[in-house]
2 protein chains.
Amino acid sequence: MITPHPDSLPAREDRELAVSWSDIADARRRIEGAAHRTPVFHSRQFDESAGATVFFKAENLQRAGAFKFRGAYNKIRAEQERRRFSEVVAYSSGNHAQAVALVSKILGVKATIVMPNDAPAPKLAATKAYGADVIQYDRYGGDREEIGERIVRERGALLVPPFDDPLSMAGAGTATAELLEEVPDLDFLLVPVSGGGLIAGSATAAKHLRPEITVYGVEPETGDDVAQSLAKGERVTIPVPRTIADGLQVPCVGKLTFPIIQRTVSRVLLVSDDEMIETLSWTLERMKVLVEPSGIAGAAAVRHRKADFAGRRVGVIWSGGNLDPKRLAEFLRGVAT
Amino acid sequence: MITPHPDSLPAREDRELAVSWSDIADARRRIEGAAHRTPVFHSRQFDESAGATVFFKAENLQRAGAFKFRGAYNKIRAEQERRRFSEVVAYSSGNHAQAVALVSKILGVKATIVMPNDAPAPKLAATKAYGADVIQYDRYGGDREEIGERIVRERGALLVPPFDDPLSMAGAGTATAELLEEVPDLDFLLVPVSGGGLIAGSATAAKHLRPEITVYGVEPETGDDVAQSLAKGERVTIPVPRTIADGLQVPCVGKLTFPIIQRTVSRVLLVSDDEMIETLSWTLERMKVLVEPSGIAGAAAVRHRKADFAGRRVGVIWSGGNLDPKRLAEFLRGVAT
C-alpha cells in the first residue's frame, strides 16, 4: 500500500524554495506559441501490461526533441525582459545544447555551446544545424567552466544552466501543468531524475494543481545518487554512472533542485538498462513513437512494476526522443523476437 | 506547372460510383468513439527539406496501427445494423487482418483470418493477440478463397474485403475528412495506392470538401499497376511487385475503386525503396514517429520532389506504422550516418 506523501506545506516555507507555482504560471505565458503543447498518449495494451491506467506526456515531440526547450525558452526570454545581451552560452553535449541552440535562433541571439570533443557526431551536427557555434574541449584535460566563464566575462553573454536555475525549472514544470489540465485525476506522477530540474518543476506544478498526487522520481539502477541523497538527507555525489540513459548521467543533483525534491518527491524508483530498452522497444513497436532511454525511465518503472500502481491512474513524462539511429538499431536487434 | 484536375462532376454521374460523400458522412457517425481521431503532424524541418508546407495525418497511430481500422469498423458495424451474424472472415497477412481482428473483438463477433503459412511471425502473433482464429494455407498450393467461401457458406459468416467494398472505402475516407477539417486549405493530397480503397475514399472526401484540391496517388516504382491502368484506361494486372512496401503489393487495383480513381486522381507518382527507407528513417529520427514503408510513400514523394510542390500546402496520409523491429533495425543500419 502506497501512502501519499504529506504535501500541505505552509506558505512561509514554500517561499524558501527556488520555484513556486506562480513562476510556472509566468513560464506558461512566456512560452505560449513558442513551445509545442505536446499530446498526451494512452495505450490500452500498455495499461493491460502494467495493471494501471497510464497517460504519457509526449515531450519527445517537443521542439528540438525534449522538454529542455521549455526551460531554455523561459530562461532566455525572461532574461531578455530584464537586460540586453546578444549571446548565450551553455555546456552540454545533449538535449540542453539543442534546446539552447534552437531557442537562441528563435529569439535572435547568438548561441555558443561548449561540448566535449568526443560528443556523438549526430548531437554535434544537430546543435550546429540550429545555428549554434560549438567550442569543443578535451573532456579529460580541458576546463569547460573556464571556457564558458571567459565568454560570459569578455562578451557579456548569458549563461544558461541545464537544470539548477529557477527559470529553467519553472519552464520544465509547464509540461506537467498541461498534463494535469488534460487528465486532472492522476494518483501518481513519474518523472526521470538527473540534475532534478524537470522533477522539481513537475512536482511543484503537480502539488499545486492536485495536492493529493504522489510524485516519484526514476533513476537508472547504476546511478542512484538522488535515491541515496534522499535517504541521507543531503546531496550525495557518485562517479559518473554507466547507463544507456545518457541524459541521466549527472553525478549529483542540483543545489536548488534538491530541497524541492525533498519536499515533493515521495520515493525514487530504480530501473535497469534492460528494462529501459524493453520498454523503449515496446513503445516504438506498439505505440509507434520513439522515446530515448532517459525519456522512457518513468514508463519502464510502471511497466516493470517498481511500485504498486495496481488499478491507479499514473501520469508519466516521456522527457525526450533524441536517439542515434545506430544505437536504436542495436537496441532493436537485442530485443527483437 | 501543375494544373488541378477538373473535378466538378455532375450529380448524375456521381451516383454511378461506389462511394459518395454521404457514405463517408455515415461512416464518420458510425466510427465515432471507436476509431481514434488521429493527430496531424507538421515539421518545419521537413518543410525546409521539401520546399513545401506539409501536413501528415497520422493513421499509424490509429487503433491496430493503420487506417484499416476505419474501414473494417464501418463495414462490420453497418452489416450488423442490417442482419445477424456471429462470425466474420478475411484474407490478409497484413494490416487488414489486425484491423478485422480488433474490430471483431470490440463488436462481439468471432473473427477468422485466412493467412499464408509463411506470414511473418509478428503479424501472426498480433492478429492472434486480438483474439482472432487464424487459418493458414499454402500460398503456392492452397486456395484461400475456397477456404473463406466455405466458412461464409457453412457458418453464415460475413466476408470483409480488404479494399473493394463501398463500406470499407467510406470508412477509409474519414481520415481525410478529419484532416481537411483541421487544415482546410490544402492544394494537394498524397495517398499511397494498393488496391485503391484508401485513395478512393480519401479522394471522394477531399473533392467534396475542397473541390479545387489535386489528389495524387503514390506507388512503389516496381509496382506501378495503377499508373499503368490510368494510362491505359483499364485495370492492368502486374506480377506481385518486389518492394519493401509490403502493403502495396496488390497486383491489380479494385473493380470498384478504379472508376473512382479515374475520376478523382490526377496522377500517380512513383517512389523507390531507397526513398521510402530514407524518409522513414528521417521521420523516425527527427519527428520521433514510426511509419511503415507502405505508409511513408506519400511523404517520400514530397520529400524526393516527385512533382512540383514548391510553396504549396500538401496533405499526406501516413497510412500505417506496423513494422517488424528486426526489419526496422536493418533499415536504420543501412542509412545510419
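Residues numbered from 1 in each chain as written. Chains lettered and ligands numbered in written order. Predicted model: local features only at pLDDT ≥ 70, side-chain atom pairs only at ≥ 80, totals over all residues. Heavy atoms only, no water.

### Describing the overall build of chain A
- Counting its regular elements, chain A contains 14 helices and ten strands.
- Dimensions of chain A, computed from the C-alpha atoms along their principal axes, are close to 55 × 55 × 40 Å.
- Here chain A, with 337 residues, has 59% of them falling under the buried criterion.
- A separation threshold of at least 6 residues defines the contact pool for chain A, and within that pool the share at least 24 residues apart is 73%.
- Carbon and sulfur atoms provide 47% of the accessible area of chain A, an area that totals close to 13,200 Å².
- Of the charged side chains in chain A, 43 are positive and 44 negative; the average position of the first set lies 3 Å away from that of the second. (Helix = DSSP H or I, 4+ residues; strand = E, 2+ residues; numbered from the N terminus. Buried < 20%, exposed > 50% of the residue type's maximum accessible area, 1.4 Å probe, protein only. Contact = heavy atoms within 4.5 Å. Areas by Shrake-Rupley, 256 points an atom, 1.4 Å probe, with all protein chains shown as cover. Lys, Arg positive; Asp, Glu negative; His and termini not counted. Charge placed at Lys NZ, Arg CZ, Asp CG, Glu CD.)

### Some details on the confidence of the model for chain A
- Here chain A averages 92 in pLDDT, and 95% of its residues register 70 or above.
- Interface predicted TM-score (ipTM) for the complex: 0.90; the corresponding pTM is 0.92. (pLDDT = per-residue confidence, 0-100.)

### Some thoughts on the relation of the copies chain A and chain B
- Screw-axis analysis of chain A against chain B gives a translation of 0.0 Å along the axis, an RMSD of 0.0 Å, and a rotation angle of 180 degrees. Viewed as a symmetry operation, the transformation between the two copies matches a two-fold axis.
- Of the residues that chain A buries at the interface, 100% are likewise interface residues in chain B, meaning the two copies contact each other through the same surface. (Least-squares fit on C-alpha atoms with pLDDT ≥ 70 in both.)

### Details of unusual backbone geometry
- Phi at Lys288(B) is positive, roughly 70 degrees, even though this residue is not glycine.
- By secondary structure assignment, the location of Lys288(B) is in the loop between helix H12 (273–287) and helix H13 (293–303).

### Topic: the pairing of strand E4 (residues 110–116) of chain A
Residues and elements named next belong to chain A.
- Along E4, six of the seven residues are buried, which leaves the element largely enclosed by surrounding structure.
- Taken together, strand E3 (residues 87–91), helix H5 (residues 95–107) and E4 form a β-α-β motif whose crossover is right-handed.
- Here five bridges tie E4 to strand E5 (residues 133–137), and the two strands are oriented parallel to one another. Within E5, the position partnered with Ile-113 by the bridge is Val-134.
- Traced from E4 through helix H6 (residues 121–129) to E5, the parallel crossover comes out right-handed. (Right-handed = clockwise from strand over helix to strand, strands pointing away. Pairing = 2+ DSSP bridges.)

### Examining the packing of aromatic side chains
- As enumerated under the stated definition, the model contains 16 aromatic pairs over all chains in all.
- Seen from their ring centres, Phe188(A) and Tyr216(A) are 5.5 Å apart, and the 45 degrees between their planes marks the pair as tilted. With Phe188(A) in strand E7 (residues 188–192) and Tyr216(A) in strand E8 (residues 214–220), this pair connects stretches of sequence that are 28 residues apart.
- Owing to a relative accessible area of 1%, Phe188(A) belongs among the buried residues under this scheme.
- What makes Tyr216(A) buried here is its relative accessible area of 2%.
- With a centroid separation of 5.0 Å and an interplanar angle of 90 degrees, the aromatic rings of Phe188(B) and Phe309(B) are classed as edge-to-face. Of the two residues, Phe188(B) is situated in strand E7 (residues 188–192) and Phe309(B) in the loop between H13 and strand E10 (313–318); the sequence distance between them amounts to 121 residues. Per residue, the accessibility class of Phe188(B) equals that of Phe309(B), and both read buried.
- Put simply, the rings of Phe41(A), Phe46(A), Phe56(A), Trp282(A) and Trp318(A) pair up and form one aromatic cluster. (Phe/Tyr/Trp six-rings, centres within 6.5 Å; stacked < 30°, edge-to-face > 60°.)

### A look at the pairing of E10(B)
Residue and element names in this part refer to chain B.
- Counting buried residues in E10 gives five out of six residues, a clear majority hidden from the surface.
- Relative to E10, strand E2 (residues 53–58) runs parallel, the two sharing six bridges. Within the sheet, the bridge partner assigned to Phe-55 lies in E10 and is Gly-315.
- Where E7 and E10 come together, three bridges link them in parallel fashion. When the sheet's bridge partners are listed, Leu-190 is paired in E10 with Val-316.

### Side note on the sheet that holds strand E4 (residues 110–116) of chain B
Residues and elements named next belong to chain B.
- Spatially, E5-E4-E3-E6 is the arrangement adopted by the four strands of the open sheet, whose pairing is parallel. Each end of this open sheet is capped by a strand with a single partner; those strands are strand E5 (133–137) and strand E6 (158–159).
- Sheet topology places strand E3 (residues 87–91) next to E6; two bridges connect them, and they run parallel. Of the residues in E6, the one forming a bridge with Val-88 is Leu-158.
- Strands E3 and E4 of the sheet are contacted by helix H5 (residues 95–107), whose axis makes an angle of about 165 degrees with E4. (Axes fitted to C-alpha atoms, helices over the stretch in contact; angles between N-to-C directions.)

### As for the packing of helix H8 (residues 166–182) of chain B against helix H9 (residues 197–209) of chain B
Residue and element names in this part refer to chain B.
- At a minimum axis separation of 7 Å, H8 and H9 run at an interaxial angle of 45 degrees. If you check the angle between H8 and H9, you find them oblique. H8 and H9 meet at a crossing whose hand is right-handed. For the pair H8 and H9, the contacting residues are Met-169, Ala-172, Gly-173, Thr-176, Ala-177 and Leu-180 in the first and Gly-197, Leu-198, Ala-200, Gly-201, Ser-202, Ala-205, Ala-206 and Leu-209 in the second.
- A breakdown of the residues in the contact of H8 with H9 according to their chemical character gives nine nonpolar, five polar and no charged. (Parallel < 35°, antiparallel > 145°, perpendicular 65-115°, else oblique. Left-handed = near helix turned anticlockwise from the far one by under 90°. Nonpolar A, V, L, I, M, F, W, Y, C, P; charged D, E, K, R; others polar.)

### Things to note about the interface of chain A and chain B
- Each side of the interface is counted separately: chain A has 26 residues, and chain B has 26 residues.
- Both faces considered, chain A and chain B share a buried interface measuring about 2,200 Å² in area, 61% of it formed by carbon and sulfur atoms.
- Interface area lost by chain A to chain B is led by Arg44(A), Lys288(A) and Pro325(A), which between them contribute 26%.
- Our count for the chain A to chain B interface comes out at zero salt bridges.
- At the surface where chain A touches chain B, the tally comes to six residue pairs in polar contact (both at pLDDT 80 or more).
- Put simply, the parts of the chain that give the side of chain A that touches chain B at least two residues each are helix H3 (44–50), helix H12 (273–287) and helix H14 (325–335) of chain A.
- Top contributing element to the side of chain A that touches chain B by residue count: H14(A), with six residues.
- Looking at the side of chain A that touches chain B residue by residue, the classes come out as 13 nonpolar, seven polar and six charged. (Buried area = accessible area lost by both parts, 1.4 Å probe. Salt bridge = Lys/Arg side-chain N within 4 Å of Asp/Glu carboxyl O. Polar contact = N/O pair within 3.5 Å; in protein donor to acceptor, adjacent residues only side chain to side chain.)

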